[in-house]
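Coordinate inspection notes
Now for the letters of each chain:
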Amino acid sequence: CDWHAAHYVKVMLDQMFGEGNFQNEIVWKRYGAHNDVGQGSKHYGRAHDTLFFYSGGSEDYTWNQLFMPLDADYVESTYRHVEEGTGRRFRVSPMTGPGGEAKGNPVFDWKGHTRAWRFSKETIAKMEKEGRIHYSKTGYASQKTYLDDSKGVPVQSVWNDIKSLSGSHSERLGYPTQKPLALLERIINASSNPNDIVLDAFCGCGTALVAAQQLGRQWIGIDISPTACRVMAKRLRDVCKMRESEPGHRAHDTNAYIVRDLPWSIDKLRAIPPFEFENWAVIALGGVPNKVQVGDMGIDGRIFPVGTRPDDQNNMFAGDWFPVQVKQIDKVGRPDVDSFEAVMHREDRQRGFMIAFSYSADAEAEAAAFYKKSKRVIKLISVQEILDEQHVQKM
């Protein structure tokens with residue numbers, strides 16, 4: 001959650017899961033600095049999101065301790081010794097036991113030093129044989145702990161090592177609330193084991209599902225948006241190399257997924273909100289939809305040739321791309337094609353795509369005439385062709 005609702009959500013979650021099952025409030029530092037602090041602002045930079053970690057009703061809930069790498073300055077100051085021959089860095093710690101025999105620490109002589117030791121004489125002899133004892137110039141024995149044996153630092157409740165996605169990240173899809181894959185991998189690794197079931201009830205573009213799939217978990221994702229469902233389905237195909245299957249087939253194909261309850265029929269597609277319909281159509285065509293509904297200047301999405309999609313989502317008009325215009329009407333006529341021709345001329349595009357339920361004969365004739373006089377191609381694709389997956393050949 002971000003700062004708008006985290007405090008309300010915490011109260012609601014306490015009621016749902018029980019406040020006694022609350023384990024951690026985790027601060028995820030998304031930004032090094034945030035540009036919401038500018039001239040005239042009177043608040044600190046809002047640089048983090050909040051995660052709430054709840055467990056089930058029992059104390060034996062799944063927990064896998066995760067570790068972060070040691071800080072470089074800490075390594076330099078603590079693991080100061082380098083072993084001759086191997087080059088392994090190590091630190092030393094006392095082997096003496098406070099309180100002497102009264103505290104259960106045996107007293108004996110080792111290499112001319114009589115002390116109360118934390119280990120038995122047999123154990124120290126074994127440590128020496130294994131090369132885990134360091135001797136000072138005076139012959140005083142200390143225990144060696146090697147840097148490469150350290151698991152690191154247990155992950156704490158402040159996460160500042162996972163950055164939010166920017167335009168340069170290859171995994172970024174342009175989905176407004178997309179989280180880094182590393183963030184969901186940490187959560188899933190800590191709180192589940194292979195073959196456990198991960199549920200994301202607000203799964204958006206499917207980051208949790210991709211993380212679960214790659215970590216060998218089963219998963220279920222739910223989202224209210226048909227656009228989000230199509231985005232995540234495409235992502236599972238592209239990233240996880242999974243195949244979309246029909247209900248009932250999943251048990252026979254562990255590399256397949258099922259998408260249920262999407263508006264596949266013509267009637268359902270006619271009924272969904274216009275912006276959802278635009279997104280569905282553009283994504284189904286393999287394109288990138290606009291983030292906003294207004295001010296699109298006749299372009300509802302863009303298709304990029306392989307390898308040319310820009311990293312910067314705010315610079316989608318750069319480079320080579322083809323415009324997509326979507327009409328949620330029964331029959332596109334000649335005036336609609338005329339308008340799209342103007343877009344093609346204005347943007348100097350050689351190929352463009354229109355998507356609608358059907359096209360009049362005049363519309364098809366106009367698209368043909370436009371090619372004849374300008375050598376610019378407008379592909380008229382019907383919704384039914386997309387549902388029947390016949391649009392690929394036509395494109």
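Here we summarise the structure given alongside this text. (Residues numbered from 1 in each chain as written. Predicted model: local features only at pLDDT ≥ 70, side-chain atom pairs only at ≥ 80, totals over all residues. Heavy atoms only, no water.)

**Looking at the overall build of the chain**
Each helix and strand counted, the chain has 12 helices and 20 strands in total. In the chain, 56% of the contacts between residues at least 6 apart in sequence involve partners at least 24 apart. About 23,000 Å² of surface is accessible on the chain, with carbon and sulfur atoms providing 52% of the total. (Helix = DSSP H or I, 4+ residues; strand = E, 2+ residues; numbered from the N terminus. Contact = heavy atoms within 4.5 Å. Areas by Shrake-Rupley, 256 points an atom, 1.4 Å probe, with all protein chains shown as cover.)

**A closer look at the packing of helix H5 (residues 207-214) against helix H6 (residues 226-240)**
Relative orientation of the contacting elements H5 and H6 amounts to 30°, with a least axis distance of 10 Å. In terms of crossing hand, the pair formed by H5 and H6 is right-handed. Between H5 and H6, the residues in contact are Thr 207, Leu 209, Val 210, Gln 213 and Gln 214 and Met 232, Arg 235, Leu 236, Val 239 and Cys 240, respectively. Along the lines of polarity and charge, the residues of the contact of H5 with H6 split into six nonpolar, three polar and one charged. (Axes fitted to C-alpha atoms, helices over the stretch in contact; angles between N-to-C directions. Left-handed = near helix turned anticlockwise from the far one by under 90°. Nonpolar A, V, L, I, M, F, W, Y, C, P; charged D, E, K, R; others polar.)

**Focus: unusual backbone geometry**
Of note in this structure, Lys 241 is not a glycine but carries a positive phi near 55°. Relative to the helices and strands, Lys 241 is located in the loop between H6 and strand S14 (243-245). Residue class for Lys 241 comes out exposed when judged on its relative accessible area of 61%. Positive phi outside glycine occurs at Asp 348, with the angle close to 55°. Mapping Asp 348 onto the fold places it in the loop between helix H9 (334-347) and strand S19 (351-356). (Buried < 20%, exposed > 50% of the residue type's maximum accessible area, 1.4 Å probe, protein only.)

**Re the packing of aromatic side chains**
Per the stated rule, a full pass over the model turns up 10 aromatic pairs. Seen in terms of ring centroids, Phe 22 and Tyr 54 are 5.1 Å apart; in terms of plane orientation they differ by 55°. Their pairing is tilted. Within this pair, whereas Phe 22 is found in strand S1 (residues 22-29), its partner Tyr 54 is found in strand S2 (residues 48-54), the two being separated by 32 residues in sequence. Judged by centre distance (6.1 Å) and plane angle (25°), the rings of Phe 277 and Trp 280 are stacked. With Phe 277 and Trp 280 both in helix H8 (residues 274-284) and three residues apart, the pair spans about one turn of that helix. One aromatic cluster is present, formed by Phe 17, Phe 22, Phe 52 and Tyr 54 through successive ring pairs. Sitting over the ring of Tyr 146, Arg 88 keeps its end group 3.7 Å from the ring centre. (Phe/Tyr/Trp six-rings, centres within 6.5 Å; stacked < 30°, edge-to-face > 60°. Lys NZ or Arg CZ within 6 Å of the ring centre and 35° of its normal.)

**Description of the pairing of strand S20 (residues 377-382)**
With five of six residues buried, S20 is to be regarded as a mostly interior element. By the bridge criterion, six bridges tie S19 to S20 in an arrangement that is parallel. What sits directly across from Ala 356, in S20, is Ser 382. Between S19 and its parallel partner S20, the chain crosses via helix H10 (residues 361-374), and the hand of that crossover is right-handed. (Pairing = 2+ DSSP bridges. Right-handed = clockwise from strand over helix to strand, strands pointing away.)

**A short note on the sheet that holds strand S8 (residues 133-135)**
Sheet architecture is open: four strands sit in the order S4-S5-S9-S8, paired in antiparallel fashion. Looking at strand neighbours, the two that pair on one side only are strand S4 (81-82) and S8, the edges of this open sheet. The sheet contact formed by S4 and strand S5 (residues 89-94) spans two bridges and is antiparallel. Bridging across to S5, His 81 finds its partner in Phe 90.

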